[in-house]
Amino acid sequence: MDNEEENIGNIKQQLANLFDASIRETFPNEPVTEPLVVASSTRHGDYQCNNAMGIFPKIRGKYVEYQNVASVGQAILRNLPESEMIESSSIGGPGFVNVVLSNNWIAENIKKMLVDGIETWAPRLHVRKAVVDFSSPNIAKEMHVGHLRSTVIGDCIARMLEFSNVEVLRRNHVGDWGTQFGMLIENLFDKIPSVEDFNETAIGDLQAFYKESKQRFDEDLAFKARAQQAVVRLQGGEPKYRQVWMQICDISRKEFDKVYNRLGVELEEKGESFYNPYIPRVIEALTNQGLVEENKGARVIWIEGFSTPLIVVKKDGGYNYASTDLAALWYRLNEEQADWIIYVTDVGQQEHFDKVFSAAKRASWLSADNSAYPKASHVGFGLVLGEDGKRFRTRSSEVVRLVDLLDEAKSRMLKESKVTQTNRATYGGMLWTDEELEQISELVGYAAIKYADLKSNRLTNYTFSFQQMLNTKIVLFCLLQFTSRVTLLYVHARICTMIDKSEQNIQELKKTGSIVLDHAKERALGLHLLRFSEAVEESCSNLMPHTLCDYLFNLSEYFRNFYDNCKQRIEERTLTMNRRSRRRQIEEADNNEFQFVISLG
Ligand code: ARG
């Protein structure tokens with residue numbers, strides 16, 4: 001918000017500024033028109049300005065010199081300010097202005113990227129602080145694949161925003177305050193009457209304990225009544241009840257943390273219970289604004305476009321998921337002073353969030369204009385399906401536990417790595433120790449799960465297939481879009497060779513060397529590198545991680561094209577390597593591959 005400074009890395013934005021100047025100059029007496037610049041990558045140009053088509057109908061008949069779209073395009077082109085970025089420009093189609101970027105300018109900017117560091121190309125978003133509410137499993141229940149999607153997508157969004165210098169509060173909005181605690185606590189009291197005896201081992205498998213409590217709740221009326229009473233006593237703050245509740249939460253928390261550690265995801269818990277004390281005053285404020293009405297004994301907020309209202313106080317006077325979300329939103333905006341609140345859940349919760357956000361707009365907490373801040377966004381994702389096309393379940397129709405899934409990814413990858421190990425041995429590659437094999441299986445196994453989730457549009461359902469995501473060849477193919485013949489290890493080793501054979505200190509070279517893009521494929525790779533900032537910006541603005549995955553996918557493709565076409569020239573400049581240094585490079589390439597894979601998630 002305070003960051004109005006220009007984004008140096010965004011080529012599209014820089015060209016838009018030039019076209020903006022040209023349009024103003026061409027039509028000084030017309031209302032301001034937003035410049036429309038898109039990347040084009042055709043043989044006519046690298047970028048295209050499409051404004052003539054929109055402007056012409058608005059000025060038709062007003063100026064003698066503009067009789068058609070093309071004449072408008074010509075004028076915009078004529079008035080384009082001089083810039084070192086642009087090599088040439090021309091008119092294409094009905095009146096597009098095509099721009100070819102200057103090779104020198106591309107080369108100089110790649111050098112800047114290299115010397116100043118990729119961080120200096122982070123997009124400048126107009127956001128200061130964001131809350132990303134993700135993962136958010138429910139206490140005493142097992143984390144399932146839906147929570148995996150939320151965790152992976154949420155973490156990726158948080159990382160992209162952090163890279164873009166936004167302060168991110170990574171919030172785990174765990175379900176720790178529902179009515180389920182009544183039955184859990186009562187069942188526990190029956191089993192272990194003395195509070196002092198409660199501990200992890202006494203409770204045993206929390207998931208099984210949850211099931212057993214639920215069964216009693218559904219079948220035994222007297223137990224149900226006691227459980228309902230227990231909720232009231234817990235929420236009223238009775239020490240014995242709170243103590244047990246905290247213990248149950250602790251056990252779950254430890255299990256969740258194991259998953260987060262394995263996935264390398266950081267989260268800060270502020271569960272539903274945290275917002276409970278804020279609910280009464282938030283509802284009171286909304287009531288004072290005239291938003292809350294009586295409806296069939298409950299208190300509700302009506303939202304335009306929905307046939308049912310948002311219930312904020314239940315008939316029995318209790319609060320619910322919506323009351324908690326309203327209080328949490330209020331807290332995030334007022335206490336945490338966030339500009340952008342992002343919620344990552346399955347698309348099934350879309351209506352809930354639409355209603356909560358609309359209520360917040362009616363209360364003027366959020367900007368009415370969706371593109372202005374403060375704003376809230378729901379990042380929905382599709383279902384996880386099994387290979388049979390149905391909801392992903394175990395053979396006995398249970399939800400798939402996340403830990404089992406990670407274990408399987410790891411063990412399958414370990415098997416694959418051992419096969420690779422045998423192959424390496426035959427061509428004299430360095431052998432991995434057992435510890436390294438273990439590490440490789442975890443890194444690649446978990447990264448493959450993350451990548452499979454991130455690479456397609458999050459809104460679509462996604463089919464979970466170990467076979468596809470963990471087959472080494474396919475993993476490499478998906479990640480790098482190289483044929484199995486050419487892997488990133490190979491490419492990276494080649495890059496190391498080039499650097500090695502240049503016989504120059506790479507740090508020195510960064511400062512003193514110059515970049516010359518004299519082959520079309522080399523230029524294409526260079527231009528794609530410079531589009532990095534645009535890709536991150538688009539991915540952040542639309543909250544769509546697959547945009548960044550596409551960018552990386554294409555980057556590897558541009559590199560492959562460049563390498564295949566310029567191999568000879570590169571090799572001419574290099575000498576034959578000795579075997580030792582080749583081995584070392586393979587080692588380095590291994591590490592780098594994992595960093596690449598991991599940094600995506
Ligand atoms: N606990 C919920 C679930 O498992 C997700 C919570 C999402 N966040 C929120 N603020 N409602 O579906």
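In this text, all values refer to a predicted model and were calculated from it rather than measured experimentally.

Asker: Got a sec to walk through the nonpolar core? Specific residues and values, please.
Answerer: Formed by 119 residues in total, the largest nonpolar core has its most connected members in Leu15, Leu101, Leu161, Ile248 and Leu405. At 10 residues, the largest contribution of residues to this core is made by helix H10 (residues 239-263). Leaving out residues up to four positions away in the same chain, Ile248 has contacts with Ile139, Ala140, Phe181, Leu184, Ile185, Leu188, Ile203 and Leu206. Listed in part, the 34 residues of the second largest apolar core include Val131, Leu169, Ile341 and Trp365.

Asker: Describe the site of the ligand, listing the residues and the values that go with them.
Answerer: Neighbouring the ligand are the residues Asp133, Ser136, Asn138, His147, His173, Tyr321, Asp325, Tyr343, Thr345, Gln349 and Phe353. Isolated, the ligand exposes 350 Å² of accessible area, and the fraction of that covered by the protein chains is 89%. Looking at the shell around the ligand, the elements with two or more residues in it are helix H13 (321-334) and strand S11 (340-346). A breakdown of the residues in the shell around the ligand according to their chemical character gives three nonpolar, six polar and two charged.

Asker: Run through the sheet that holds strand S10 (residues 310-313), naming residues and quoting values.
Answerer: In spatial order, the strands read S8-S9-S10; together these three strands make up an open sheet with antiparallel pairing. Looking along the sheet, the strands with just one partner apiece sit at the ends: strand S8 (292-295) and S10. Adjacent strand axes in the sheet meet at a mean angle of 45 degrees when their direction is disregarded. The pairing of strand S9 (residues 298-301) with S10 spans three bridges and is antiparallel. Within S10, the residue paired with Ile301 across the bridge is Leu310.

Asker: I'd like to hear about the sheet that holds strand S4 (residues 96-101), residue by residue, with values.
Answerer: Reading across the sheet, the four strands line up as S1-S2-S4-S3 and stay open at both edges, with antiparallel pairing between neighbours. Each of the sheet's edge strands pairs with one partner strand only, and the pair in question is strand S1 (37-39) and strand S3 (86-92). Averaged over all pairs of adjacent strands, the angle between strand axes in this sheet comes to 25 degrees, irrespective of strand direction. Two elements, S1 and strand S2 (residues 47-49), share three bridges in a ladder whose sense is antiparallel. Bridge pairing in S2 links Val37 to Cys49. Against the sheet, helix H1 (residues 11-26) contacts S1, S2, S3 and S4, and its axis sits at roughly 145 degrees relative to S1. Here helix H3 (residues 69-78) sits on the sheet and contacts S3 and S4; the angle it forms with S3, its principal contact strand, is near 170 degrees.

Asker: Kindly report on the pattern of salt bridges, identifying the contributing residues and their values.
Answerer: Opposite charge on two side chains permits them to pair, given that their charged atoms come into close proximity. In total, this model carries 29 salt bridges according to the counting rule given. Residues Arg24 and Asp20 are paired through a salt bridge, measuring 3.1 Å at the closest nitrogen-oxygen approach. Residue Arg24 and its partner Asp20 are both found in helix H1; the two are separated by four residues, about one turn of the helix. Judged by relative accessible area, which is 44%, Arg24 ranks as partly exposed. Two residues, Lys410 and Glu442, come together in a salt bridge whose shortest N-O distance is 2.9 Å. In this pair, Lys410 is assigned in helix H15 (residues 402-426) and Glu442 in helix H16 (residues 434-454), connecting sequence segments 32 residues apart. For Lys410, a relative accessible area of 18% corresponds to the buried category. A residue is classified by how much of its surface remains accessible, and Glu442, at 30% relative accessible area, is partly exposed.

Asker: A description of the side chain of Lys375 should follow, citing residues and the corresponding values.
Answerer: Inspection of the secondary structure assignment puts Lys375 in strand S12 (residues 375-381). Buried charge Lys375 goes without a salt bridge, the closest partner of opposite sign being Asp369 at 8.2 Å.

Asker: Go over the packing of aromatic side chains, please, and point to the residues and values.
Answerer: Scanning all chains against the criterion turns up 19 aromatic pairs. The interplanar angle of 35 degrees and the centroid separation of 6.2 Å between the aromatic rings of Tyr278 and Trp330 together place this pair among those described as tilted. Within this pair, whereas Tyr278 is found in the loop between helix H11 (272-275) and helix H12 (279-288), its partner Trp330 is found in helix H13, the two being separated by 52 residues in sequence. Tyr278 sits in the buried class, given a relative accessible area of 17%. Ring centres of Phe559 and Phe562 lie 5.7 Å apart, and the angle between their planes is 70 degrees; this geometry places the pair in the edge-to-face category. With Phe559 and Phe562 both in helix H23 (residues 545-572) and three residues apart, the pair spans about one turn of that helix. The pair formed by Phe559 and Phe562 is uniform in burial state, with each residue classed as buried.

Asker: Account for the environment of Tyr558, with residues named and values stated.
Answerer: Counting through the fold element by element, Tyr558 comes out in helix H23. Remark: the alpha-carbon pair of Tyr558 and Leu431, spanning 127 residues in sequence, is separated by 31 Å. Among residues more than four places away in sequence, those in contact with Tyr558 are Ala524, Leu525 and His528.

Asker: I'd love a proper account of the side chain of Asn109, names of residues and values included.
Answerer: Secondary-structure assignment places Asn109 in helix H4 (residues 103-116). Classification of Asn109 by relative accessible area gives buried; the value is 7%. Residue contacts for Asn109: discarding those within four places in its chain leaves Trp121 and Leu530.

Asker: Explain helix H8 (residues 206-219) to me, using residue names and the numbers behind them.
Answerer: For H8, spanning 14 residues, the distance from its first C-alpha to its last is 20 Å, which sits close to the expected 20 Å at 1.5 Å a residue. Restricting attention to buried positions, one finds in H8 the residues Leu206, Phe209, Tyr210, Ser213 and Phe217. The arc that holds the buried residues of H8, viewed along the axis, is 100 degrees, so those residues lie on one side. Pointing more than 90 degrees away from the buried face of H8 are the exposed residues Asp218 and Glu219. The backbone nitrogen of Gln207 lies 2.9 Å from a side-chain oxygen of the residue at the head of H8, namely Asp205.

Asker: Talk me through helix H6 (residues 180-191); I want residue IDs and the actual numbers.
Answerer: The terminal C-alpha atoms of H6, which comprises 12 residues, lie 17 Å apart, in line with the 16 Å expected from a rise of 1.5 Å per residue. In terms of residue burial, H6 counts as a mostly covered element, since 10 of its 12 residues are buried. What H6 keeps buried is the set Gln180, Phe181, Gly182, Met183, Leu184, Ile185, Glu186, Asn187, Leu188 and Phe189.

Asker: Describe the packing of helix H9 (residues 221-235) against H10, and please don't skip the residues or the numbers.
Answerer: The packing of two helices is summarised by the inter-axis angle and the distance between the axes. Running from N to C, H9 and H10 point in directions that differ by 95 degrees, and their axes come no closer than 8 Å. The pairing of H9 with H10 is recorded here as roughly perpendicular in orientation. Side by side, H9 and H10 meet where Ala230, Arg233 and Leu234 of the first sit next to Tyr241, Arg242 and Trp245 of the second. Each residue belonging to the contact of H9 with H10 can be placed in one class, and the counts come to four nonpolar, no polar and two charged.

Asker: Tell me what's going on with the UniProt feature "domain: Arginyl tRNA synthetase N-terminal" (unreviewed entry) in the protein chain, and back it up with residues and numbers.
Answerer: Summarizing the sequence annotation, UniProt attributes the feature "domain: Arginyl tRNA synthetase N-terminal" (unreviewed entry) to residues 13-101 in the numbering used throughout. Between the C-alpha atoms that bound residues 13-101 the distance is 14 Å, and the span itself is 37% helix and 21% strand.

Cut-offs used in this document
Residues numbered from 1 in each chain as written. Predicted model: local features only at pLDDT ≥ 70, side-chain atom pairs only at ≥ 80, totals over all residues. Heavy atoms only, no water. Core = buried A, V, L, I, M, F, W, Y, C linked by side-chain atoms within 4.5 Å. Buried < 20%, exposed > 50% of the residue type's maximum accessible area, 1.4 Å probe, protein only. Helix = DSSP H or I, 4+ residues; strand = E, 2+ residues; numbered from the N terminus. Contact = heavy atoms within 4.5 Å. Near = heavy atom within 4 Å. Areas by Shrake-Rupley, 256 points an atom, 1.4 Å probe, with all protein chains shown as cover. Nonpolar A, V, L, I, M, F, W, Y, C, P; charged D, E, K, R; others polar. Pairing = 2+ DSSP bridges. Axes fitted to C-alpha atoms, helices over the stretch in contact; angles between N-to-C directions. Salt bridge = Lys/Arg side-chain N within 4 Å of Asp/Glu carboxyl O. Lys, Arg positive; Asp, Glu negative; His and termini not counted. Phe/Tyr/Trp six-rings, centres within 6.5 Å; stacked < 30°, edge-to-face > 60°. Expected span 1.5 Å × (residues − 1). Arc of directions from axis to C-beta. Polar contact = N/O pair within 3.5 Å; in protein donor to acceptor, adjacent residues only side chain to side chain. Parallel < 35°, antiparallel > 145°, perpendicular 65-115°, else oblique. UniProt positions renumbered as here; feature names shortened; annotations may be inferred.

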